[in-house]
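Analysis of the macromolecular model
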Amino acid sequence: MLPRLILATVISLMTIISTAQPLLIEDFDYSIGALLTDNGWTAHSSGGSQSIDVTNGLIFDGYAGSGIGGGANLDNTGEDVHRTFPEQTTGVIYAAAVVQTQGPNSAGYFLHFGQSTIGTTFFTRIYINAAGDGIGLGLGNTPPATFLPITPGVPALIVMKLEIATKTSSFYIFNTYPATEPPVPDATVTETANFSNVGSIALRQY
């Protein structure tokens, strides 16, 4: 089984908590069993094969998207999907999601950024290990050398961050809702992918 997740917000901000307008909000507030491709998402790989559908949502105290809708059910290999947001060429992009892993599962990355035309250039890739008890930020197709602990079956809040000018990706994981952005991320990598903008976020099955 792959991780179930709620992708809640993609925001262009310098802090996790702000009143600025988000670039995208996705609470998966659709009927259980509805396909993401019928609700604003586009398949960019293996369209129609083990389509990603909506399952029961997750709760994370203090998080704005908690308990509003369902969750994206990544539970097999097959279709990969993405949603676009207004193209960004400067600044810092954040994405926050509540995730719940299951284990054991296949090891690989399940969430990443892409360009406005997604193609095959991916960055800020979030990986899960085979036991379902480790999550982390990988560089390209290389998983992280060390995974951060996560408890299978228990929702956690993850935050992806990409500084476009330096192509620096960072990752945070929280068991309780943070009041401010921590001064030091849990993981950081310098992306080697050649990209000129950020304009999509994607869910991957593998």
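Reading the values: the criteria
- Residues numbered from 1 in each chain as written.
- Predicted model: local features only at pLDDT ≥ 70, side-chain atom pairs only at ≥ 80, totals over all residues.
- Heavy atoms only, no water.
- Pairing = 2+ DSSP bridges.
- Helix = DSSP H or I, 4+ residues; strand = E, 2+ residues; numbered from the N terminus.
- Phe/Tyr/Trp six-rings, centres within 6.5 Å; stacked < 30°, edge-to-face > 60°.
- Buried < 20%, exposed > 50% of the residue type's maximum accessible area, 1.4 Å probe, protein only.
- Lys NZ or Arg CZ within 6 Å of the ring centre and 35° of its normal.
- Core = buried A, V, L, I, M, F, W, Y, C linked by side-chain atoms within 4.5 Å.

Here we come to the sheet that holds strand 8 (residues 108-114). Backbone hydrogen bonds hold the strands of a sheet together, and the pairing may be parallel or antiparallel. The strand order across the open sheet formed by seven strands is 3-6-15-8-9-10-11, and the pairing between neighbours is antiparallel. In this open sheet, the two edge strands, each paired with only one partner strand, are strand 3 (42-45) and strand 11 (148-149). Strand direction decides the pairing type here: strand 9 (residues 122-128) and strand 10 (residues 134-138), joined by four bridges, are antiparallel. By the bridge assignment, Ile 126 is partnered in strand 10 with Leu 137.

Turning our eyes to something else, we now look at the packing of aromatic side chains. Inspection of the entire model under this criterion finds five aromatic pairs. Ring centres of Tyr 172 and Phe 174 lie 6.2 Å apart, and the angle between their planes is 5 degrees; this geometry places the pair in the stacked category. Residue class for Phe 174 comes out buried when judged on its relative accessible area of 10%. Across from the ring centre of Phe 195, 4.7 Å away, lies the NZ or CZ of Lys 167, which sits over that ring. Positioned above the aromatic ring of Tyr 109, the side-chain terminus of Arg 204 is 3.9 Å from the ring centre.

Further remarks concern the nonpolar core. Formed by 40 residues in total, the largest nonpolar core has its most connected members in Ile 135 and Leu 203. In terms of nonpolar packing, the next biggest core, distinct from the first, is built from eleven residues, Phe 60, Tyr 63, Val 98 and Val 159 among them.

Before going further, it helps to spend a moment on unusual backbone geometry. Cis geometry marks the peptide bond from Gly 103 to Pro 104, where omega comes out at -5 degrees. Here Phe 28, not a glycine, exhibits a phi torsion of approximately 50 degrees, which is positive. Along the polypeptide, Phe 28 turns up in the loop between strand 2 (24-25) and strand 3. For Lys 167, which is not glycine, the phi torsion reads 55 degrees and is therefore positive. Relative to the assigned elements, Lys 167 resides in the loop between strand 12 (156-163) and strand 13 (168-174).

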